[in-house]
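Breakdown of the fold
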Amino acid sequence: AQSVTQLDSQVPVFEEAPVELRCNYSSSVSVYLFWYVQYPNQGLQLLLKYLSGSTLVKGINGFEAEFNKSQTSFHLRKPSVHISDTAEYFCAVKDSGYSTLTFGKGTMLLVSP
Amino acid sequence: DGGITQSPKYLFRKEGQNVTLSCEQNLNHDAMYWYRQDPGQGLRLIYYSQIVNDFQKGDIAEGYSVSREKKESFPLTVTSAQKNPTAFYLCASRGPGGWQNSPLHFGNGTRLTVT
C-alpha cells in the first residue's frame, strides 16, 4: 500500500527563520508527490508537485521541495517564513498502481514573531 | 469563478439521525472525492467517483453512502451506523487527464458535530 509519513506533528519557528517540513513515502517504481497547505477551517490548496524530471520543485508562496529517491523523501522548505505561513501542511503520494492520493497526517507550522 | 461549494459550513445533528452533506462543483470535473479529517489523523478517503452513476469505496466507507446522479453533484450521507461521525468533511474534484495535469481541488469543508 502507498503510504506517507510526516515525522513532525508540529514545527514551531520564529518569523524570518528557515523551515523544513519532513515527508517520507513508501517506495515504488513511480510516484507523484504533492504538498498541500490548509488554513484554519478551510480546504486544502496545492503548494507544489513532483511528477518527474528535476528533483527540486518550486511552488507558490516561496516554498520548494526536493525529491530524493534513494531516501524516499520529499521535504518541504522555505528560506524565510512569515506569520502568514502559519497553517497545516500535508504531504501526499500517488503510486503508479493506485488511482487515489494518500495523505500524511499533517504538520502544523507555527510561526511566531 | 469556478470552484467547489460545500454546504453548510457547520452542521449539528443528534445521534441516531442520518445527515447529508452537499458538494457541488462547476469545474466540469469528472472525478469527485470525499475525505474525512480528524485532528492528528490527516485526510482519509471515504468514497470517490470517477464518472456519473459510478462510485467506489475508499479506506473508511463504513457508515457512509454517496450518490452521483449528476456530474456536478456528489452528496455524502452520514448514516446512524457511523460510530464517530463528528469530524471535518472535505470534498474534492479532479479534471480530465492524468494526475500530472489535474491535481485535486478542494472545497472549504463542512464541520459536522453529532451529540
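As shown above, the structure is provided for reference.
Now for a look at the structure at hand. (Residues numbered from 1 in each chain as written. Chains lettered and ligands numbered in written order. Predicted model: local features only at pLDDT ≥ 70, side-chain atom pairs only at ≥ 80, totals over all residues. Heavy atoms only, no water.)

1. With respect to the overall build of chain B
- When you go through chain B residue by residue, the secondary structure sums to zero helices and 11 strands.
- In terms of C-alpha radius of gyration, chain B reaches 13 Å, essentially the compact-globule figure of 13 Å for 115 residues.
- Expressed as a percentage of its 115 residues, the buried residues of chain B come to 48%.
- Accessible area for chain B stands at about 5,600 Å²; split by element, carbon and sulfur atoms hold 45% of it.
- A gap of 5 Å separates the mean positions of the 12 positive and 10 negative side-chain charges of chain B. (Helix = DSSP H or I, 4+ residues; strand = E, 2+ residues; numbered from the N terminus. Rg over C-alpha atoms; globule rule 2.2 N^0.38 Å. Buried < 20%, exposed > 50% of the residue type's maximum accessible area, 1.4 Å probe, protein only. Areas by Shrake-Rupley, 256 points an atom, 1.4 Å probe, with all protein chains shown as cover. Lys, Arg positive; Asp, Glu negative; His and termini not counted. Charge placed at Lys NZ, Arg CZ, Asp CG, Glu CD.)

2. Regarding the interface of chain B and chain A
- Opposite the 22 residues of chain B that make contact, chain A presents 20 residues.
- Summed over both sides, the interface between chain B and chain A buries roughly 1,700 Å², with carbon and sulfur atoms accounting for 57% of that surface.
- Run the count over chain B and chain A and you get zero salt bridges.
- Here chain B and chain A share six residue pairs in polar contact (both at pLDDT 80 or more) between them.
- When residues of the side of chain B that touches chain A are traced back to their parent elements, those giving at least two are β4 (31-38), β5 (42-51) and β9 (87-94) of chain B.
- Broken down by element, the residue count for the side of chain B that touches chain A peaks at five residues, all from β5(B). (Contact = heavy atoms within 4.5 Å. Buried area = accessible area lost by both parts, 1.4 Å probe. Salt bridge = Lys/Arg side-chain N within 4 Å of Asp/Glu carboxyl O. Polar contact = N/O pair within 3.5 Å; in protein donor to acceptor, adjacent residues only side chain to side chain.)

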